[in-house]
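Listed below are the residues making up each chain.
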Amino acid sequence: MSKVYFIGAGPGDPDLITVKGRKIIEEADVIIYAGSLVNPEVINCRKEKSEVYNSAKMTLEEIIDITKESIYEGKKIARVHTGDPSIYGAIREQMDKLDKLGIDYEVIPGVSSFVASAAVLKKEFTLPGVSQTVICTRLEGRTPVPEKENLESLASHKASMAIFLSVHMIDRVVEKLKKHYDEDTPVAVVQRATWEDEKIVEGTLKDIEKKVKEANITKTAQILVGNFLGNKYELSKLYDKNFSHEYRSAKK
Ligand SMILES: C[S@@+](CC[C@H](N)C(=O)[O-])C[C@H]1O[C@@H](n2cnc3c(N)ncnc32)[C@H](O)[C@@H]1O
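Just so it is clear, the structure is predicted and the values come from calculations on it, not from any experiment.

Here is what the cut-offs are and how they apply
- Residues numbered from 1 in each chain as written.
- Predicted model: local features only at pLDDT ≥ 70, side-chain atom pairs only at ≥ 80, totals over all residues.
- Heavy atoms only, no water.
- Core = buried A, V, L, I, M, F, W, Y, C linked by side-chain atoms within 4.5 Å.
- Buried < 20%, exposed > 50% of the residue type's maximum accessible area, 1.4 Å probe, protein only.
- Helix = DSSP H or I, 4+ residues; strand = E, 2+ residues; numbered from the N terminus.
- Contact = heavy atoms within 4.5 Å.
- Near = heavy atom within 4 Å.
- Polar contact = N/O pair within 3.5 Å; in protein donor to acceptor, adjacent residues only side chain to side chain.
- Areas by Shrake-Rupley, 256 points an atom, 1.4 Å probe, with all protein chains shown as cover.
- Nonpolar A, V, L, I, M, F, W, Y, C, P; charged D, E, K, R; others polar.
- Domains from an automatic or database assignment.
- Axes fitted to C-alpha atoms, helices over the stretch in contact; angles between N-to-C directions.
- Parallel < 35°, antiparallel > 145°, perpendicular 65-115°, else oblique.
- Left-handed = near helix turned anticlockwise from the far one by under 90°.
- Buried area = accessible area lost by both parts, 1.4 Å probe.
- Salt bridge = Lys/Arg side-chain N within 4 Å of Asp/Glu carboxyl O.

If you look at the biggest cluster of nonpolar residues, it comprises 26 residues, and the most contacted ones within it are M161, L177 and I223. Here this core takes four residues from helix α6 (residues 170-177), the largest share from any one element. Contacts of I223, omitting those with residues within four sequence positions, involve M161, A162, I163, S166, V167, I170, V173, V187, A188 and V189. In this structure, I17, I24, A28 and A78 belong to the second largest nonpolar core, which totals 16 residues.

Around the ligand, 18 residues are found, and the nearest of them are I87, S112, S113, A193 and A221. Contact distances for the ligand include 2.7 Å between a nitrogen atom and a backbone N or O atom of I87. Coverage of the ligand by the protein amounts to 93% of the 570 Å² it exposes when considered alone. Classifying every residue of the shell around the ligand by side-chain character gives ten nonpolar, six polar and two charged. Two domains each donate at least three residues to the shell around the ligand, and these are domain 1 (4-108) and domain 2 (113-229).

Position of E214 among the secondary structure elements: in helix α7 (residues 208-214). E214 sits in the exposed class, given a relative accessible area of 58%.

The contact between helix α2 (residues 60-72) and helix α3 (residues 92-101) brings their axes to 11 Å, and the two run at 40°. In terms of orientation, α2 and α3 fall into the oblique class. With respect to the hand of their crossing, α2 and α3 are arranged in right-handed fashion. Along its contact with α2, which presents L60, I63, I64, T67, K68 and Y72, the element α3 presents E93, Q94, K97, L98 and L101. A per-class count over the contact of α2 with α3 returns six nonpolar, two polar and three charged.

This next bit is on the domain arrangement of the chain. With domains assigned, the chain is organised as domain 1 (4-108) and domain 2 (113-229). On a C-alpha basis, the centres of domain 1 and domain 2 stand 29 Å from each other. If you look at the interface, domain 1 gives nine residues, while domain 2 gives twelve residues. Carbon and sulfur atoms supply 73% of the area that domain 1 and domain 2 bury against each other, a total of about 790 Å² over both sides. Of all residues in domain 1, P11, I87 and Y88 give up the largest surface area on contact with domain 2, accounting jointly for 62% of the area buried on that side. Linking domain 1 with domain 2 are zero salt bridges, by the criterion used here. On inspection of domain 1 and its partner domain 2, the count reaches three residue pairs in polar contact (both at pLDDT 80 or more).

And the structure:
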């Protein structure tokens, strides 16, 4: 029996899909892609005869029906998600349905938009002496967030943070973060990271709300928060000449 491939398309730039993901799209008979966020250029490499479906317009049942029929016809399926499918990708419910139907699948990871945003800002989330933890989260929307994970309590760690799906509620995000982070904590908002029309707004918790509103950023953005966006940190032990590890001895 043929297989379903869940593929992370990356954040936008069509060259940011993995080589493995692209090869599968090239060979796929059926492509079901998340048209609301996946750059259509990512599937330009497909076979001329491939069938293409935009999952933005489909229900879970419709996606599974197409998948099931295509698999029974021996077709190879590329199910293309934005960024990495394991983050707000709603793939678990699809995989569980495929398990029940006895349909085989594989997941090909992708570049998530939060790491793509750090890349375009040329920043490192895990700076020594600043933070060694990255929190990926969101404000509650139609999907609830468990109470113990509310933004305010996550903010109490003052870790590096990537906030998805929430830029339209930037006022509430800032209000909750300010309960723990200092007002001068740096914040960067990156809209459509790696797309040609990418927009970046940088500020602090004091002024980011105003700047985001002035820039008219209301969706498809990452809110990155924390002192990792600043300039104070300690040098790593990894490249410290006085420090030995498995691959290198300390220089005398
Ligand atoms: C449904 S989630 C999907 C996340 C995706 N699986 C990932 O790994 O990036 C959609 C949210 O991801 C973020 N997002 C997706 N693509 C983005 C991009 N190119 N730049 C900035 N944020 C992006 C936004 O917060 C958007 O509201």
